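# Secondary and tertiary structure notes
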Amino acid sequence: MSYNKIVIGKPGTEKFFLGNEAIVRGALESGIDVYTYYPGTPSSEVGEAFMETFKKVGMKWVESSINEKVAMEVAGAAYARGASAMVGMKNVGLNVASDPLFALVTTHPKNKNSALVILVADDPQQHSSAVEMDSRNYLKLFKIPALEPSNPQECLEFTKRAFEISRELKLPVIIRTVTMVSHARSNVIIGKIKQSEIQDDFDLSKEANVASRLYFLKLKEDQIYIRMNRALEMSENSSINKIENENVKNDYELGIITSGVSYSYVREALDFLELKIPILKIGFINPLPAQKIAKFLEHLQQVFVVEENDGYIETQVLAIAQKIGLKVKIHGKDPFAYSKEDSLLPFVGELNPTKIAHALIKITNITPKFDLNLIEGKDYELLGRIPRLCPGCPHRTTGFAIKQATAKIKSKTRKKIYFYQDIGCYTLLAYPPLSFANVKYCMGSSIALAQGVAQINGSLNIAIIGDGTFFHSGISALLNGIYNKAPILVLILDNGWIGMTGQQPHPGSDTRYYKEGFFKQAIKLVEFLQGTGALVSVITHQKSVEQEYETKLEDLIYEKGLDVLENKNLQVIVVRDECIQKIIKRYKPEVRSVNMELCTNCGLCYNQFLCPAIIEKDDSAYIKSTLCLGCGICEEICPNDAIKREDL
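The sections below set out a description of the structure shown in this document. Here the residue numbering is sequential within each chain, running from 1 through the sequence in written order. With the structure being a predicted model, the display of local features is reserved for residues of pLDDT at least 70 and the display and counting of side-chain atom pairs for 80 or more, all residues being used for whole-chain, interface and lining totals. Each side-chain value is worked out from all heavy atoms of the structure, with water and hydrogens disregarded.

## Focus on the environment of G311
- A run of H or I in DSSP becomes a helix once it reaches four residues, and a run of E becomes a strand once it reaches two; helices and strands are each numbered from the N terminus. Turning to its location among the elements, G311 is positioned in the loop between β13 (302-306) and α12 (312-323).
- We call two residues contacting when some pair of their heavy atoms lies within 4.5 Å. Not counting residues up to four positions away in its chain, the partners in contact with G311 are K333, P335 and F347.

So, in structure tokens, the structure goes:
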């Protein structure tokens, strides 16, 4: 995917942008100097776009950092030095970045151009996340301004506004998006790309930047009572907090308060119900414009607060109404009840126009022109399918080898075996028929999770972690295990890339195979591991020459698993087998086919190995040539020698 279109075009031109692309353009029109990030859907495209374009527009630096904490620290120091910086991540990445951010928000850079914008992409409905969390709850802790766009045009405009606010207040500003905004597309009117205004001279005074009681209590007072007070004034007067249909009356004396993508759903629901009522659309979500909200409430008997996930806005609207003594009925999630029956809107998952329309019907008793229950109750006959790894994915081979090896270990030792999953494509090994997952929490946790059981139980505990995740946050857990002599087996599945979010590079990636690799220094994973004193084994899949790879991998897992049980060692196996999606960009796949005369339809390849390219057809295994990516493992494991390379 090319992102060059983002930097092309005269001011006033309309471009068809993804929300994430519009954010990039907004930052470029703000004179951004530095962007740091860790790839995580739904924010990944922002980093990819900057990486492709930053030298073309004269930015100082862009990097895919080793994790979000480091990304925050690199961008934070650039901000202190006088740069216009931005750091990007997904929702759970904010958890990782929160430690330095708590200190960073209190600092007060003395440099004119200093600005820091933090992009946080939430993922309601858990489309691509381990957990569904609402990052807005951090705002009260950080005490910094935050904006929330509802469409790609606002993504551009709000990003520019965020830089302006940060530059003026010398506070970091959060841009909060959600999946359906980050990945929405629409026409966007672009402005002029602004060149950097970073100055050669800068002030890094410790009084403004050192997290110490000596300086920070005074800075915190300044942050809360001066800078955030000014942010509140900005919010009250900002045009991105606006009232629509302000003078429109309705029989229900009802108004709606909403923000972000929920605003789009509200508009569609109101059109469906043919309702026209006042709407307070909030773009400046922290601090909320309390006076504007109070004024909005004063003219109504009922208010419906529409937002996804937590009742962040609703809680504050309730407090504002109580503070000024208004007896307005506030509908929404009822954030203090934790009752599904009392909530008009759910705390879990995404909203949509139908859910909002249904809630409005309950409030108003309107009879809609179409029965919404027919939509909600419609039983669609959909094909159910468990998420699967790509055809040719190396993790499938590893999973198959683990299954065979652990079955033999169980048979020999009669010991229980537990699996600890991490975040990556290999998480899909948790699904049947392999089902390799007993515990999974977050990035980098598998190795520590395995230790938690291994130290108090005689079972075999296996941690499964990818190379990108290991670099992100698995290193410290491994060092802890080595230090404490934890008897665990660690499988590092080294496929060379951060596969799940789109094959982005990480510190161990081969620098020959990505554009920015020429100015990177790859870290040699095996040498690093050996330097820790760990017992390290390495197996590499040489696809063009290896004929017994799966068997060797199976034997290695069996051998090292027994050693963990019998000798209480910590064993590390590095499984080197590159992501198939990267390989096929460099080499033509060697497609396989089935000799139906030799095939006994044992089902090993499509029922146990579970390759999506192989199906049962006419009482035989059949390989779809359009799906086969040529990993060759099916050829190796077939007990009847019925699978061979096709001559194309």
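So that's the structure; there's more coming.
## Description of the environment of E233
- Relative to the helices and strands, E233 is located in helix α9 (residues 213-237).
- It is 9.1 Å that separates the C-alpha atoms of E233 and P287, two residues lying 54 residues apart in sequence.

## Description of the packing of aromatic side chains
- Think of it this way: a Phe, Tyr or Trp ring, Trp meaning its six-membered ring, pairs with another when their centres are within 6.5 Å, and the plane angle makes it stacked under 30 degrees, edge-to-face over 60, tilted otherwise. If you walk through the whole model with that rule in mind, you get 13 aromatic pairs.
- Judged by centre distance (5.8 Å) and plane angle (85°), the rings of W497 and Y514 are edge-to-face. A residue pair is termed long-range when its members are at least 10 positions apart, and W497 in the loop between β18 (489-494) and α18 (525-531) and Y514 in the loop between β18 and α18 qualify at 17 residues.
- In textbook terms, an aromatic cluster arises when at least three aromatic residues are bridged by ring pairs, as seen for F54, W61, F518 and F519.
- Taking the ring centre of F519 as reference, the NZ or CZ of K55 above it sits at 5.4 Å.
- Stacked on the ring of F347, the Lys or Arg K333 has its end atom at 5.7 Å from the ring centre. To sit over a ring, a charge needs its Lys NZ or Arg CZ within 6 Å of the ring centre and within 35 degrees of the ring normal.

## With respect to the side chain of S44
- Within the secondary structure, S44 is located in helix α2 (residues 44-57).
- A polar contact of 3.3 Å, which involves the side chain of S44, links it to the backbone nitrogen of T41.
- In contact with S44, not counting residues within four places along its chain, are P39, T501 and Q504. Side-chain atoms alone can form a polar contact between residues adjacent in sequence; in general such a contact is a pair of N or O atoms within 3.5 Å, and within protein one must be able to donate a hydrogen while the other accepts it.

## Side note on helix α19 (residues 549-567)
- A helix is expected to span 1.5 Å multiplied by its residue count minus one. Here α19 is 19 residues long and its end C-alpha atoms lie 26 Å apart, about the 27 Å a rise of 1.5 Å per residue gives.
- Taken residue by residue, α19 has Y549, E550, L553, E554, L556, I557, K560, G561, L562, D563, V564 and L565 as its buried positions.
- Buried positions along α19 lie against α15 (394-413), β17 (460-466), β18, β19 (535-540), β20 (571-576) and α22 (633-637). Per-residue accessibility, obtained with a 1.4 Å probe over protein chains only, is compared with the maximum for each type, and a residue is labelled buried under 20%, exposed over 50%, and partly exposed between these values.

## What about the nonpolar core?
- Nonpolar core, defined: a set of buried Ala, Val, Leu, Ile, Met, Phe, Trp, Tyr and Cys residues in which side-chain atoms within 4.5 Å join the residues together. Ranked by size, the top nonpolar core spans 113 residues in total, and within it L28, Y35, F50, I257 and F304 carry the most contacts.
- As used throughout, domain bounds are those supplied by an automatic or database domain assignment. Of the domains in this structure, domain 1 (2-237) and domain 2 (241-373) are the two that each give at least three residues to this core.
- Counting 72 residues, the second-largest nonpolar core is a separate cluster that includes I402, V490, A534 and I539.

## So, the pairing of β18
- Within β18, six of the six residues are buried, which leaves the element mostly enclosed by the surrounding structure.
- Two strands qualify as a pair provided that DSSP identifies no fewer than 2 bridges between them. As paired elements, β17 and β18 share five bridges and run parallel to each other. Within β18, the position partnered with I465 by the bridge is I492.
- The path from the first strand over the helix to the second decides the hand: if it runs clockwise while the strands point away from the viewer, the crossover is right-handed. Handedness of the β17-helix α17 (residues 467-483)-β18 crossover: right-handed.
- Looking at chain direction, β18 and β20 are connected through six bridges and run parallel. Note on β20: the bridge partner recorded for D494 is R576.

## Overview of the environment of K403
- Looking at where K403 falls in the secondary structure, it is placed in helix α15.
- Classification of K403 by relative accessible area gives partly exposed; the value is 28%.
- In sequence terms K403 and I293 are 110 residues apart; their C-alpha atoms lie 59 Å from each other.
- The contact partners of K403, leaving out residues within four places of it in the chain, are P433, L434 and F436.

Remember that the coordinates give geometry; whether it matters functionally is a separate question.
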